[in-house]
Amino acid sequence: MHLFPPHLYATCVLAVAALPGTLYAQTPALAGQWQFQTATGTTTTNGVEADLIDTGILDITEEQDGLRATIAWLDERGQLTPPRTVHGTAGPAGTAGTIFRHSGKRVSTGRNGKEVSTDVTIRWTLHAKGDVLSGERLVETDENEPKPVSGRRLQQRYVPPVLPPAAAPSGAAARGPSTPAERARVVQMATEAQRNPLAVQQRDGAWLTEWIEAIPDFTLPASALESWLSIASQATIREAMVFQYLASVMAFQIEHPDQAGQQSASDLAGMQGVLRAYETLLRQDKLHRSAKLDAAQAARRHDRLPAFLATLSGRNAVIQPASSPSGDATARRIVALGTSEPRAMDWLDILSNRFGGRMAGSDAYTHAAQWARMQLQQWGVHAVLEEAGRMPVGFNRGPGSGKMLAPQEQPLRLATPAYSAGTRGVQQGLAIVGPATVEEAQQRAAQFKGKWVLIGGENGGGGRDGSAIHQPRAITRVLMAAGALGTLQSGEEPLYAASAAPATWATLPTLPDIKLAAPQYTDMRQRLARGEAVTLEFDIRNWFYPGPVTYHNVVARIPGTDKPEEIVLIGAHLDSYDGGTGAADNGGGVSTMLEAMRLLALSEAKPRRTIMFVAFGAEEIGRKGSFAFAERHAGELKNIVMMLNRDGRPGAIDGIAIPTAWQPVFGRVERALQDVHPVFGFAASINDVPRDASKAMHARAGSDDAVFSLHGVPTPKFTVLGDFDYARVHHTLLDTYDNVLPFSAAQQYSAIAIALSAYEVANAPEAISRKGYYRAAKAAQ
């Protein structure tokens, strides 16, 4: 969370307070212009919280009735944000400094990047000695830790640097809407391409792509169909079919603007055009035949094309026993076993429904790690538990429920972060609106005894006090001392449930931290504002046990025959948040990796290089398991030729992004998977641009593979076909098995693709070079 980013300070509403100028007799040294630095928020990287420092310009002048200050912040280009003015008052007797106080907004990021703001009060206490400015900045509303302010007096007024003129916009913004002639050309080429796909694609393919990107009045809807067509069995079919799809969809939008926003209608129009072009290709050469397009044709003949297109989402697809055209006997056994005896969803059932949410430091995680090791050993794979870290306190989530008893009875939709305190059995009490500042909390302290306190802000999944570590702030401490029953905070549904763990047994949380569905929270606030008495009841049975609680990585190996020192590493994190049962994040990932290891083991794979599997612990709280693995296996990191990670939305793995040098290796994966499934496929996409390893850890979607990127280990990314709504379940109460179940066949197909990828890389006769993969990969010293 970043408090008050500079570009949002213009939203502040400044409160003016003034006292007679005689009170400033001891503080004239503050007058002048200062350049200062202070923390405006915090960020957590790898489980470590650090301040975010911003720089600004403070201009203080003396007036007849006191001091006046304008505050402006410097952006990354040295430009000033619009200044805002605030008056100062002398500090309380016996204290040094002048106090400037104003109201403003705390801005945080909610679901899908949505900005959430909360009204807060900010207090600056400043004093000067010569040309040195010092003091502190305090967010009074909900923060008890003041941040230091330091600065220097400017001898000359600050002048922002002159910026070069902005470059002329390019692409869609550089031109106007499409012209009638262009639209007519697209409709005509969509029809012509059905009769002569290859020639029209060669003539108009580049123009169509550029036109779609440039025009502002038509957009190409995102569709799984385009990705599916890009993995046709032959390059000529891939290019011609994707072109036909693009032309057909754009022509449909031009001719039917009233249906342009309907995904299913666009997909159907695109596929109809593709199948007509495919019929032309087959008449020209039977070698153009594609099992996937044949299946689509059959669906059209039986009036089932819309249903067939729906399966491209990955939902409710089926997987049938199939054979592989691979020339490698092990690859053929992997495909045969994976399609005839699918087990990926069995492992997800165990992880989600027998163990449940698997927070590091919980019994669920401990038991899941022990089970994973046991299961691998039963398949004949050497597997061990390696200590990955320790949690100072153990935590297990129990059932939780709540309801409004009066003025009318209704159940409440709620969540609590992991490591939140439970109630003392069933507890009833009146609701009350909480304080906005520490001073108000202290003044109203007697009112909170035995009450449920509605506090401000919006649930971001973590603890009430804005940190992944349980650190009660001043207002919370007042509520605890006053005897409040717990706090209620508004949350968008589905409710987030992350974590705020205590540092020691002695600092266990005692005040329940309840996140309440926003409509119900708003209703309560409105009732209280009308003077209604609102009675609530909660029963939350979270419980703790003394630590330290050790959590482990599960590490397994299939040893290589010719180059055992070289390692192909596949991995996924085993831990999860526990508001749901960790099914999508990351049960779906680790279950497909486990199934891949089963397929490799039971297919009696004996690759040239070693295949290593790691189920990492504590990824959710700072990738601690992968950091521990990297430290423990530091001597092996230089020998890991590739790390394949699985952490993201469930669905069918349909490709991977690789440099050209690896194309022969993954070409064998493509061949092994050719026509294994009528919808899913696999194709490697080429990306020869060197990656920046230093940015891996800062990527918003980074996972355990980022740790290996920092050590120079190549970490190519799988691509996934399907429409699983990951944002809806990610870290929410909806992350459960039933939401992944419709993607069962897609998950099994992913396990087969992972097993084949690991095997083909490990067994490749070619050298797997890191050269050029990273721009500046630096191995750990």
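Criteria and thresholds
Residues numbered from 1 in each chain as written. Predicted model: local features only at pLDDT ≥ 70, side-chain atom pairs only at ≥ 80, totals over all residues. Heavy atoms only, no water. Helix = DSSP H or I, 4+ residues; strand = E, 2+ residues; numbered from the N terminus. Buried < 20%, exposed > 50% of the residue type's maximum accessible area, 1.4 Å probe, protein only. Contact = heavy atoms within 4.5 Å. Salt bridge = Lys/Arg side-chain N within 4 Å of Asp/Glu carboxyl O. Pairing = 2+ DSSP bridges. Axes fitted to C-alpha atoms, helices over the stretch in contact; angles between N-to-C directions. Nonpolar A, V, L, I, M, F, W, Y, C, P; charged D, E, K, R; others polar. Arc of directions from axis to C-beta. Core = buried A, V, L, I, M, F, W, Y, C linked by side-chain atoms within 4.5 Å. pLDDT = per-residue confidence, 0-100. Phe/Tyr/Trp six-rings, centres within 6.5 Å; stacked < 30°, edge-to-face > 60°.

Peer 1: Would you take a moment to explain the side chain of Q297 for this structure?
Peer 2: Here Q297 lies in helix α6 (residues 291–301). Assessed through its relative accessible area of 10%, Q297 is described here as buried. Discounting chain neighbours no more than four positions away, the residues touching Q297 are L275, Y278, E279 and L282.

Peer 1: Where do I start with the pattern of salt bridges in this structure?
Peer 2: When the charged atoms of two side chains lie near each other, side chains of opposite charge can form a pair. Applying the stated rule across the entire model yields 34 salt bridges. Here E63 makes a salt bridge to R68, at a shortest N to O gap of 2.7 Å. On the basis of relative accessibility, which here comes to 32%, the residue E63 falls in the partly exposed class. Between E440 and R444 there is a salt bridge whose closest N-O contact spans 2.8 Å.

Peer 1: I keep staring at the sheet that holds strand β19 (residues 563–573) and nothing clicks. Help me out?
Peer 2: In a beta sheet, neighbouring strands pair by backbone hydrogen bonds and run either parallel or antiparallel. Taken in spatial order, the 5 strands make up an open sheet running β9-β18-β20-β19-β21, and their pairing is mixed. The sheet is open, and its two borders are formed by β9 (382–396) and β21 (640–645), each paired with just one other strand. Neighbour-to-neighbour, the strand axes of this sheet turn through a mean angle of 20°, independent of strand direction. Bridging between β9 and strand β18 (residues 543–558) involves 13 bridges; their strand directions are antiparallel. Residue G394 lies in a different strand from β18, and its bridge partner there is Y545.

Peer 1: Looking at this model, I keep getting lost on the pairing of strand β3 (residues 66–73). Mind explaining?
Peer 2: A large share of β3 lies buried, amounting to 7 of its 8 residues. Both β3 and strand β4 (residues 84–90) contribute to a ladder of 4 bridges, which runs antiparallel. For A69, the partnering residue across the bridge sits in β4 and is V86.

Peer 1: Just checking my understanding: could you explain the sheet that holds strand β11 (residues 410–411) for this structure?
Peer 2: Ordered in space as β11-β10-β17-β13-β14-β15-β16-β12, the 8 strands form an open sheet in which the pairing is mixed. Looking along the sheet, the strands with just one partner apiece sit at the ends: β11 and β12 (414–415). Pairing of strand β10 (residues 400–406) with strand β17 (residues 535–540) involves 6 bridges; the strand directions are antiparallel. Pairing of K403 across the sheet is with E537, part of β17. Against the sheet, helix α13 (residues 518–529) contacts β10, β11, β13 (427–433), β14 (451–458), β15 (486–491), β16 (513–517) and β17, and its axis sits at roughly 95° relative to β16.

Peer 1: For this particular structure, what's the right way to read the packing of helix α1 (residues 180–195) against helix α5 (residues 263–284)?
Peer 2: Each pair of packed helices can be summarised by the angle the axes make with each other and by the distance between the axes. In the contact formed by α1 and α5, the axes pass within 6 Å of each other and the chain directions differ by 35°. Within the contact between the two elements, α1 uses A193, Q194 and R195 and α5 uses G273, R276, A277 and T280. Here the residues of the contact of α1 with α5 sort into 2 nonpolar, 3 polar and 2 charged.

Peer 1: Can you help me understand α6 in this one?
Peer 2: Note that an α-helix has 3.6 residues per turn; residues three or four places apart therefore point the same way. Regarding α6, the residues found buried are K292, L293, A296, Q297 and A299. Axial view of α6: buried residues confined to an arc of 160°, hence all on one face. On its buried face, α6 sits against α3 (224–229), α4 (235–255), α5 and α7 (305–311). Downstream of α6 by a residue or two, D303 has a phi angle that is positive, lying close to 55°.

Peer 1: Is there a simple way to think about the nonpolar core in this case?
Peer 2: One recurring pattern in soluble globular proteins is that nonpolar side chains are buried together. Formed by 142 residues in total, the largest nonpolar core has its most connected members in W228, M241, M271, L376, M597, F613 and F666. Setting aside anything within four residues of it in sequence, one finds M241 in contact with L229, V274, A277, Y278, L281 and L293. Counting residues in hydrophobic clusters, the runner-up holds 18 residues, among them I60, A69, W124 and L133.

Peer 1: Which parts of the structure should I look at to understand the confidence of the model for the protein chain?
Peer 2: A low pLDDT means the predicted coordinates there should not be read in detail. For the protein chain, per-residue confidence averages 88 on the pLDDT scale, and residues scoring 70 or more make up 90% of the total. Within the model, pLDDT remains below 50 along residues 1–27, and this stretch shows 78 contacts once partners closer than five positions in the same chain are excluded. Here residues 777–781 is modelled with pLDDT under 50, and outside its nearest four sequence neighbours on either side it reaches 7 contacts, counting other chains as well.

Peer 1: I keep staring at unusual backbone geometry and nothing clicks. Help me out?
Peer 2: Negative phi values dominate among residues other than glycine, just as trans dominates among peptide bonds. Here the bond from E493 into P494 is cis, since omega is -5°, no more than 30 degrees from zero. Checked against the element boundaries, P494 lands in the loop between β15 and β16. Across the junction of G547 and P548, the peptide omega takes the value 5°, indicating a cis bond. Mapped onto the fold, P548 is located in strand β18. In this model, Y419 sits at a positive phi of 70°, which is unusual for a non-glycine residue. Locating Y419 in the fold gives a position in the loop between β12 and β13. Among the residues examined, Y419 registers a relative accessible area of 1% and is labelled buried.

Peer 1: Would you mind going over the environment of Q447 with me for this structure?
Peer 2: Looking at the element boundaries, Q447 is found in the loop between α11 (438–443) and β14. Classification of Q447 by relative accessible area gives partly exposed; the value is 36%. Along the backbone, Q447 and A484 are 37 residues apart, and their C-alpha atoms lie at a distance of 8.9 Å.

Peer 1: Got a minute to help me understand the packing of aromatic side chains in this structure?
Peer 2: Remark: the centre distance and the inter-plane angle together describe each pair of aromatic rings, the angle taken between the planes. Summed over the entire model, instances satisfying the criterion amount to 20 aromatic pairs. Centroid distance F36 to W73: 5.3 Å. Interplanar angle 75°. Geometry classified as edge-to-face. Taken together, the residues span a long stretch of sequence, with F36 in strand β1 (residues 32–45) and W73 in strand β3 at a distance of 37 residues. Using a relative accessible area of 0% as the deciding quantity, one classes W73 as buried.

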